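Residue-level listing of the chains:
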Amino acid sequence: MTDQELAQRRRFYAEELEAVCAFKSPSLVEAFASVPRERFLPPGPWDVLSVADYVPTMVPPPRKTRDADPARVYHNLGIAIDAERRLFNGQPGTLAAWIDAFELKPGARVLHIGAGLGYYSAIMAAIVGPSGRVVAIEVDEALAASARENLAAMPWVEVRHGDGTGAHAKPFDAILVNAGVTHPRDEWLDALASGGRIMLPLTCTMPQGGTIGKGFMMLVARTADDFTVRPITMVAIYSAVGLRDEALNAALGQAMMKSPMFPPVKRLRRDAHEPSASCWIHAPTCCFSTV
């Protein structure tokens, strides 16, 4: 396939994502049309998974693409970035919807926790442009090193090896947490600029689920004096390493059983208060409230 043909395939892929996900932002379409996904993947053929591969009780073995033609990666597929450990680059349709909810503009500052090999960091970097800033954090040292190499052509992206903890010197307009957690970290909330947004996957884990937790993707937005919360989608995602609270994991499981559909959460409270009927999940440092 020629470079021109591959560029056309990438453009079709971006426009298909726009149609399926109903993007609000034209710049997100341009980002998916311009960032070469194959450069953020190991050499093909690739192990892939789609929604059709999942069944309620298990995650099946991935399928392999017929060959290493880069055109194979321009579908709404999760693609293995480490097949031996079953680590996948997430499905574009899912990540695209999360990124779209940020409504990123040129010059925005983004924190991406769980960057993998950097593909979705690159998508956000393409939107915010050189006047913006993306800090991409990855807990796996080898993946972080590869992401740093993959993103070298975007000097406004900084890749760090770490788990996303620790204070951040400057505020961010958007924070994408790309691994399941039981609660938001104080330093993430403190680092969010007024009007900024966090995509936070609140998940609970079960022994039979292994490293995959299930729950809800929450959009947390900072106003002048409060944090609003809106459930966006249900989510099944890898659990964050070192960022979970096992006591809260059990409490989340109980809360989710009471709210099998989207929970009626409206606010994130950080003030000290006693648990009450309005507390959907009450954590030591914050509370997801229904009022």
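Use the structure listed above.
Computed from a predicted structure; not experimentally measured.

**Digging into the environment of cysteine 279**
For step 1, the next point in the chain: Residue placement: cysteine 279 occurs in strand E13 (residues 279-282).
For step 2, the next point in the chain: Owing to a relative accessible area of 14%, cysteine 279 belongs among the buried residues under this scheme.
For step 3, the next point in the chain: In the structure, cysteine 279 is positioned 10 residues away from arginine 269 in sequence and 9.4 Å away in space, judged by C-alpha atoms.

**Considering the packing of aromatic side chains**
For step 1, the next point in the chain: For the structure on display, the rule yields eight aromatic pairs.
For step 2, the next point in the chain: On the numbers, 5.9 Å between centres and 55 degrees between planes, the contact of phenylalanine 40 with tyrosine 119 is tilted. Here phenylalanine 40 is found in the loop between helix H2 (26-34) and strand E1 (47-49), whereas its partner tyrosine 119 is found in helix H4 (residues 119-128), with 79 residues between them in sequence.
For step 3, the next point in the chain: Among the residues examined, tyrosine 119 registers a relative accessible area of 1% and is labelled buried.

**What to know about the sheet that holds strand E3 (residues 78-82)**
For step 1, the next point in the chain: Spatially, E2-E1-E3-E4 is the arrangement adopted by the four strands of the open sheet, whose pairing is antiparallel. The sheet is open, and its two edges are formed by strand E2 (63-64) and strand E4 (87-89), each paired on a single side.

Analysis parameters
- Residues numbered from 1 in each chain as written.
- Predicted model: local features only at pLDDT ≥ 70, side-chain atom pairs only at ≥ 80, totals over all residues.
- Heavy atoms only, no water.
- Helix = DSSP H or I, 4+ residues; strand = E, 2+ residues; numbered from the N terminus.
- Buried < 20%, exposed > 50% of the residue type's maximum accessible area, 1.4 Å probe, protein only.
- Phe/Tyr/Trp six-rings, centres within 6.5 Å; stacked < 30°, edge-to-face > 60°.
- Pairing = 2+ DSSP bridges.

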